[in-house]
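# Summary of the model geometry
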Amino acid sequence: MGAFDWFWKAMGAQADRNDKKSKTVVDNSREATASLAALDDAAVTQAARESVQEGVIADKSTFLAALAVASERKLGMHPFHVQSQAVLRLLEGDVIQMATGEGKTLVGAMAATGFALTGKRVHLITVNDYLAARDAEWMRPLVEFFGLTVSSVTEKLGPEQRREAYRADIVYAPVNEVGFDVLRDNQITDRSQTVQAPADVALVDEADSVLVDEALVPLVLAGNRPGEAPTGHITNVVARLREGLDYQISEDGRTVHLTEPGAARVEKELGLDSLYSEDNIGTVLVKVNLALHAKALLIRDIHYIVVDGKLQLIDASRGRVADLQRWPDGLQAAVEAKEGLEVSEGGRILDTITLQELMRRYPVVCGMTGTAVEATEQLTQFYGLGVSVIDRNKELRRFDEADRIFATAEDKNRAIVEEIVELHSTGQPVLVGTHDVAESEALAEVLQERGIEVNVLNAKNDAEEARIVAEAGDVGRVTVSTQMAGRGTDIKLGGADEADRAAVVERGGLAVIGTSRHRTARLDNQLRGRAGRQGDPGLSVFFVSLDDDVVRQGGEDESLSVQPSPDGRVDSKRVSDFVAHCQRVTEGQLLEIHSQTWKYNQLLADQRVIIDERRAQLLDTDKAWEELSQRAPERAAELEHLDKDVRVAAAREIMLYHLDLSWADHLELMDDVRESIHLRAIARETPLTEYHRIAVREFKDVAQRAVEDSVTTFREALIDAQGVHMEDAGLARPSATWTYMVSDNPLTGSGNSVVSGIGNIFR
Ligand code: ADP
Ligand code: MG
């Protein structure tokens, strides 16, 4: 800590005081609950409404009591003390840490209801569609009890349904959907096309995942730009290259490059003098590199799956299919070519937004997660959020075993299979967390050969998610999952109806097995947290090998000599300290990347605010017509005979088109600059300073260029009673949009890169 000791002490003292105060409030709410329980629903609602004065909850005890009564009546759950305390912390705008399985869904809904009662619209932000839909439906009776409305936004909703959903007082939605709706709303040319309604509060579930892990990568909206596809010939040539000889993959598995013999081979097969000549470097070499990246680094069933002749990208940090996402800059086409699929048309970036920017749009941000404390530094540094720790309601009865560490992946995988077979023979349900689709399938296959029935939960069968999760805690059940089950899933002992609960408790509850440690301890703890909900018994254990990615990357510069026992085990205090150290290193790398990304994004974020304001002005006023007629009075005079509405709308459409285009050009340019900034930075200036200098310089032209191009279009395009004919002028907006998966997210990629080999790693 050091220099900031006083700061942390002061924060601690403040937190203690808050804690005491909220405990008193909760204690008082008990009596209030007893008296409200005698009243009918309408009277309870009335009491809740009266607890609000001038936009704030003045009488917190009565408010909590009313929610407790409603929750009891409508959901059959009486909020625990700790849950009520958590609600108060959320209403104060904190991130609460509350262990997995302690009932954050109810806490979030109660706090959201509180905000809604004070007239604020809440976005309850989740990590995926499944949880958004599940929680909205589950909590609906509670919210509606108070005459408030609740909805969920999921990927499959069309614009009209979304517009409807966003009007609710409380909207459950995955962070991606919220972000992309913001971006899409920034492409409209008439206010009536807006999908989102303004919201006052973002209440973020799994806050560390959303605000820290996901925040590494900005959301990118792209549109189609026809006619740019790489050739199949290059793909074929590259397909025959051999790892180690013709190309080399970097230790961290994130970059690949041709060796000298490899380059010579490609040159020969393509009939070129040099790949690196002036003529080829910006064209053929780019395509060769894309094809090589696609071949060597993007692996089927780890990074993507192929369904019905189409690529579906897998979001590795969530282990599920990322809908409407593509890889940027020709990479998508390169992978499609590699798989022999129809190559989709090229595209361009239309707009981007970072999670930080997205959150800045909400006057109030608060959140909840089981693993906030470890992310405190990021939550404070990037969002100015404080963390409150909430106690467990009941003592934890899960036993967290020490890691079992093996010298090689082979030894480890064998031991994993044996452990599952052993646990299964007692009838104890087992949940195995793997890192990717391929690993989950390989393990399931081997277990099935051993006569064990396995439920596989991964990106390929997420439709069955609810059923698989519901069954996962039943006697004798074995579930092999990717990180899909890592967050938010609520696994009840003895099946969904808890019919066989006693039998499962007797067998020790749910056993959770991790097949390798994750890049952050937070993810490990999330997986462990699937067991031991609400004081249930349970078990968790992680298997680790010195071949694992985390160990190899985190311990890159260090060597460790080990003496494996006959079964390959190497665990000793020294080795487990080393593994823990490696994980801390990878965590540190993530934090570093995050700070860097943050610094690069900051300036663009500020520029975006300026563009947003300009956009709003053009949309909401007649400014576009005024500006254009000032600059081209003769043209304005020609159009005087048209309806005012038509003229104004045409001018608006023209100016918005060019503003958006100019901004997109700016983003694309800055993207290129960022790629090459290390080459450009001149002596004594850091790359970041140089990047900022260029961004400021280039931004000056953005508005200017947009106006000039608009004047040209205004003069030249056909404008009649139907409005401006942009398409005829070759100025169509993209007809399709999608989002980019930016592949440099260090959280993606498998936990165990050995998987990329051929064959089943568990055999
Ligand atoms: P978290 O999000 O904190 O991991 P969930 O909201 O998924 O936890 O809840 C876990 C389980 O606890 C659910 O099955 C829920 O029904 C149960 N639960 C939560 N609060 C209560 C309560 N006050 N009384 C009884 N059961 C509860
Ligand atoms: Mg949850």
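Please read all numbers here as calculations on a predicted model, not as lab measurements. Numbers given for residues are sequential positions, taken from 1 along each chain in its written order. Written order decides the labels, with chains lettered from A and ligands numbered from 1. Note on the predicted model: pLDDT of at least 70 is required for a residue's local features to be given, and 80 or more for side-chain atom pairs to be given and counted; whole-chain, interface and lining totals, by contrast, use all residues. Just so you know, side-chain values use all the structure's heavy atoms and leave hydrogens and water out.

## Here's the deal with the site of ligand 1
Around ligand 1 lies a shell of 17 residues, among which Gly101, Lys104, Thr105, Asp490 and Arg533 are the nearest. Any N or O atom pair separated by 3.5 Å or less is treated as a polar contact, with the protein-specific requirement of one donor-capable and one acceptor-capable atom, and with residues adjacent in sequence counted only for side-chain atom pairs. Residue Glu102 places a main-chain N or O atom 3.4 Å away from an oxygen atom belonging to ligand 1. In the model, an oxygen atom of ligand 1 is placed 2.5 Å from a nitrogen or oxygen of the Thr105 side chain. Computed by Shrake-Rupley with a 1.4 Å probe, the accessible areas treat only the displayed protein chains as cover when residues are assessed. Protein chains shield 88% of the accessible area of ligand 1, which is 560 Å² for the free molecule. For this classification, Asp, Glu, Lys and Arg are treated as charged, while Ala, Val, Leu, Ile, Met, Phe, Trp, Tyr, Cys and Pro are nonpolar and the rest, including Gly, are polar. Residue composition of the shell around ligand 1, by class: five nonpolar, seven polar and five charged. Summarising the domain contributions, the shell around ligand 1 has at least three residues from each of domain 1 (3–214 + 356–389) and domain 3 (397–589). Any residue with a non-hydrogen atom lying within 4 Å of a molecule or strand is treated as near it. Segmentation of the chain into domains, including their bounds, is taken from an automatic or database domain assignment.

## Quick notes on the domain arrangement of the protein chain
Parsing the protein chain into structural domains produces domain 1 (3–214 + 356–389), domain 2 (232–353), domain 3 (397–589) and domain 4 (618–732). Domain 2 and domain 3 are separated by 32 Å when their C-alpha centres are compared. Buried surface at the junction of domain 2 and domain 3, both sides included, amounts to about 1100 Å², of which 51% is carbon and sulfur. Defined in terms of a 1.4 Å probe, buried area is the accessible area two parts forfeit on being brought together, summed over both. Broken down residue by residue, the surface that domain 2 buries against domain 3 is led by Glu251, Asp301 and Arg320, which jointly contribute 44%.

## Some details on the confidence of the model for the protein chain
Looking at the protein chain, the pLDDT average stands at 87 and 90% of residues meet or exceed 70. You can read pLDDT as the predictor saying how much it trusts each residue, on a scale of 0 to 100. Contact between two residues is taken to exist if any of their heavy atoms lie within 4.5 Å; hydrogens are not considered. This stretch, residues 743–758, has a pLDDT under 50; its non-local contacts, to residues over four places away or in other chains, come to 45 contacts.

## Structural notes on the sheet that holds strand 13 (residues 320–321)
In spatial order, the strands read 11-12-13; together these three strands make up an open sheet with antiparallel pairing. In this open sheet, the two edge strands, each paired with only one partner strand, are strand 11 (304–307) and strand 13. In terms of strand pairing, strand 12 (residues 310–315) meets strand 13 through two bridges, oriented antiparallel. Paired with Asp315 across the two strands is Arg320, which belongs to strand 13. Pairing between strands is defined by DSSP: at least two bridges between them are needed. Secondary structure follows DSSP: runs of H or I at least 4 residues long count as helices, runs of E at least 2 residues long count as strands, and numbering of each begins at the N terminus.

## With respect to the packing of helix 5 (residues 104–117) against helix 6 (residues 129–145)
Here an axis means a line fitted to C-alpha atoms, over the contact stretch when the element is a helix, while the angle between two N-to-C directions is reported on a 0 to 180 degree scale. Interhelical geometry of helix 5 versus helix 6 gives an angle of 50 degrees and a closest axis separation of 10 Å. In terms of orientation, helix 5 lies oblique with respect to helix 6. Relative to helix 6, the crossing made by helix 5 is right-handed. Facing Thr105, Leu106, Ala109, Met110 and Thr113 of helix 5, the residues of helix 6 in contact are Arg134, Asp135, Trp138, Met139, Leu142 and Val143. For the contact of helix 5 with helix 6, the residue count by class is seven nonpolar, two polar and two charged. For this classification, under 35 degrees means roughly parallel, over 145 means roughly antiparallel, 65 to 115 means roughly perpendicular, and everything else is oblique. Rotating anticlockwise by less than a right angle from the far helix to the near helix defines a left-handed crossing, while the corresponding clockwise rotation defines a right-handed one.

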